[in-house]
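Each chain is listed here by its residues.
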Amino acid sequence: MMLPILLVAAAGCLPKGPVPLTAAVEGPTQTGDLQYTPTAILTAVPGMSIDVEVRLDLTNKGSSPIRVDLSRSRISVDGVPFQACRYGRDMDPTALVANLAPDQSATARVICKDIPRPGSGIQFAFGAAGTGEKGLVTVDFLGLGERL
């Protein structure tokens, strides 16, 4: 009897509609030859789910091609071990991969569905080949508890 009341009360504490999350490092960031500017928008549907849309504005600053692949991206909420980003069938596969020639820019985005409420933060990891650095790039966003 008490469980339904607690679930309704917890759902009432979630933000309604889209809420932008602040990147831990604002502005463009660079990993090897890949420059990227991350943005994230948290969407809560009370009583249903919490989703986060991560968008990356990408630029190849090097002299060889770079491939960014969000299809195998991983997400960690509040320090919990990384899990696969579940993006669902409605996600456009062309939005998940960006192939960048030298000096080319593009945007890649993914919506990770059914994530826990991010109190302290979210870490988002994605694959990038041809950057001249490690193949996994991690982006940090502040959670709802860190917002002003």
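Remember, it's a predicted structure, so these values are computed and weren't measured experimentally. Along each chain, numbering runs from 1 in the same order as the chain's sequence is written. Owing to the predicted nature of the model, reporting of local features is limited to residues with pLDDT of at least 70; listing and counting of side-chain atom pairs is limited to 80 or more, with chain, interface and lining totals taken over all residues. Heavy atoms from the whole structure form the basis of all side-chain values; hydrogens and water molecules are not counted.

*Asks:* I'd like a rundown of the overall build of the protein chain, residues and numbers included.
*Replies:* When helices and strands are counted, the protein chain shows one helix and ten strands. Numbering of helices and strands runs from the N terminus, with a helix taken as a DSSP run of H or I at least four residues long and a strand as a DSSP run of E at least two residues long. In the protein chain, the succession of helices and strands from N to C terminus is α-β-β-β-β-β-β-β-β-β-β. The cut-offs for exposure are 20% and 50% of the maximum accessible area for each residue type, with area from a 1.4 Å probe on protein chains only; residues under the lower value are buried, those over the upper are exposed, and the others partly exposed. A burial count over the protein chain gives 36% of its 148 residues as buried. We call two residues contacting when some pair of their heavy atoms lies within 4.5 Å. A separation of at least 24 residues holds for 65% of the contacts in the protein chain among residues at least 6 apart in sequence.

*Asks:* Break down the side chain of Asp 51 for me, citing the residues and quoting the values.
*Replies:* With respect to the element layout, Asp 51 can be found in strand β4 (residues 49-60). In terms of polar contacts, Asp 51 uses its side chain to reach the backbone amide nitrogen of Asp 114, at 3.0 Å. Aside from chain neighbours lying at most four places away, what touches Asp 51 is Ile 41, Leu 42, Thr 43, Ile 111, Cys 112, Lys 113 and Asp 114. In protein, a polar contact means a hydrogen-donor-capable atom and an acceptor-capable atom, both N or O and within 3.5 Å, with residues adjacent in sequence counting only if both atoms are side-chain atoms; elsewhere, any N or O pair within 3.5 Å suffices.

*Asks:* For the confidence of the model for the protein chain, give the residues involved together with the corresponding values.
*Replies:* A residue's pLDDT is the predictor's confidence in that residue, given on a scale from 0 to 100. In the predicted model, the protein chain carries a mean pLDDT of 87, and 87% of its residues have values of at least 70. Predicted confidence for residues 1-12 stays below pLDDT 50, and this span has three contacts to residues more than four positions away or in other chains.

*Asks:* Summarise the pattern of salt bridges; cite the residues concerned and give the values.
*Replies:* Pairing between side chains of opposite charge can happen when the charged atoms of each approach one another. Salt bridge, as used here, is a side-chain nitrogen of Lys or Arg placed within 4 Å of a carboxyl oxygen of Asp or Glu. Tallied over the entire structure, the rule returns three salt bridges. A salt bridge links Glu 53 to Arg 109, with the nearest nitrogen and oxygen atoms 3.2 Å apart. Within this pair, whereas Glu 53 is found in strand β4, its partner Arg 109 is found in strand β8 (residues 105-112), the two being separated by 56 residues in sequence. As a salt-bridge pair, Asp 57 and Arg 55 come within 3.2 Å of each other at their nearest N and O atoms. When its relative accessible area of 37% is taken as the criterion, Arg 55 is described as partly exposed.

*Asks:* Before we move on, can you summarise unusual backbone geometry with the specific residues and values?
*Replies:* Here the phi dihedral of Asp 78 falls at roughly 55°; this positive angle occurs in a residue that is not glycine. Phi is positive for Asp 114, which is not a glycine, with a value near 55°. The topology assignment puts Asp 114 in the loop between β8 and β9 (121-129). Taking the relative accessible area as the measure of exposure, Asp 114 reaches 44% and is therefore partly exposed.

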